[in-house]
Amino acid sequence: MTISATIGRWFAACAVPLCVLVLAGCGAMDGSDQTQLQQAQAKNRQLQAENAALQSQLAQQQQQNLYTVAADLLFAPGSFDITSKGRAALDDIAGKLRGLKNSKIVVYGYTDNAKLGEGLMKMGLKTNVDLSSRRADAVVNYLRAQGINPGIIAAKGRGETHPVGPNNTAAGRAQNRRIEIAVEGPGN
């Protein structure tokens, strides 16, 4: 769930407790009104805590730029060699990253949960983490060749962990096959 969707849910959920509070002030409360008021107050406290957590996440994301590129654009199926379309996409991102000095760039590789093909296994890869690591390494090497400071960039393969879509559909698996380039820090 995105932060904006969660904040929207928070505002919608606050409307009911606030209405109960207003209605409670309009007349005498019986036992069920008292219970509803207490439940509304508890829900309000819970939503305030969620809001504080979301505000913290938002502040953290504002200090971190994230570029996500579909692995299907960057790599041919069953490969960790960057395609010409992938190089073009990375050239655009490299232009935005080239001047960074006081930041940390981490390239995360992700796959779907499908088993590796025979061709990849013959190349010595055994798991999806191996494939995602090789893909992340390929992107890091390409970005270094495009002038990104080698001292601030690293690769991390995460395999099929952290899916963003369901692995039981072709569209979901395609979403899960991705490279994320995270820029952490002040960006200068």
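Placed above this text is the structure.
Below is a summary of the structure that appears in this document.

This brings us to the overall build of the chain. Each helix and strand counted, the chain has 7 helices and 4 strands in total. Across the chain, helices and strands are ordered from the amino to the carboxyl terminus as α-α-β-α-α-β-α-α-β-α-β. With 188 residues in all, the chain has 33% of them scored as buried. Approximately 10,900 Å² of the chain is accessible, and the part contributed by carbon and sulfur atoms is 54%.

Moving on to the pattern of salt bridges. In the structure shown here, the tally under the stated rule is 5 salt bridges. When the shortest N-O distance is used, the salt bridge between K96 and D92 registers 3.6 Å. Residue K96 and its partner D92 are both found in helix α4 (residues 84-97); the two are separated by 4 residues, about one turn of the helix. Residues joined by salt bridges that share partners form a network here, namely D72, D112 and R177.

Turning next to helix α6 (residues 128-145). The end-to-end C-alpha separation of α6 is 26 Å, in line with the 26 Å expected for 18 residues at 1.5 Å each. Buried within α6 we find N128, L131, S132, R135, A136, A138, V139, V140, Y142 and L143. The elements touched by buried residues of α6 are α3 (71-74), α4, β2 (104-110), α5 (118-122), β3 (153-157) and β4 (178-184). Put simply, T127 is the residue that caps the front of α6, since its side-chain oxygen is 3.3 Å from the backbone nitrogen of V129.

Core analysis: the biggest nonpolar cluster contains 25 residues, and L97, I105, V107, V139, L143 and I181 have the highest contact counts within it. Listing elements by their share of this core, those giving two or more residues are β1 (64-70), α3, α4, β2, α6 and β4. If you tally residues by element for this core, the top one is α6, at 6 residues. In this structure V139 touches L74, F75, I82, L90, V107, I179 and I181, once residues within four positions along its chain are discounted. If you look at the next biggest cluster of nonpolar residues, it comprises 5 residues, including F80, L120, L125 and L131.

The subject of this paragraph is the environment of K126. For K126, the location among the structural elements is in the loop between α5 and α6. For the pair K126 and L116, spaced 10 residues apart in sequence, the C-alpha to C-alpha distance is 7.4 Å.

For α4, which comprises 14 residues, the first-to-last C-alpha distance of 20 Å matches the rise-based estimate of 20 Å (1.5 Å per residue) to within 8%. Within α4, the full set of buried residues consists of G86, L90, I93, A94 and L97.

The next point concerns the pairing of β4. The two faces of the sheet receive side chains in turn, since in a regular strand these alternate between them. Extensive coverage of β4 is indicated by the burial of 6 of its 7 residues. Relative to β4, β2 runs antiparallel, the two being bridged by 7 bridges. Its bridge partner lying in β4, I105 is registered against V183.

What counts and how
- Residues numbered from 1 in each chain as written.
- Predicted model: local features only at pLDDT ≥ 70, side-chain atom pairs only at ≥ 80, totals over all residues.
- Heavy atoms only, no water.
- Helix = DSSP H or I, 4+ residues; strand = E, 2+ residues; numbered from the N terminus.
- Buried < 20%, exposed > 50% of the residue type's maximum accessible area, 1.4 Å probe, protein only.
- Areas by Shrake-Rupley, 256 points an atom, 1.4 Å probe, with all protein chains shown as cover.
- Salt bridge = Lys/Arg side-chain N within 4 Å of Asp/Glu carboxyl O.
- Expected span 1.5 Å × (residues − 1).
- Contact = heavy atoms within 4.5 Å.
- Polar contact = N/O pair within 3.5 Å; in protein donor to acceptor, adjacent residues only side chain to side chain.
- Core = buried A, V, L, I, M, F, W, Y, C linked by side-chain atoms within 4.5 Å.
- Pairing = 2+ DSSP bridges.

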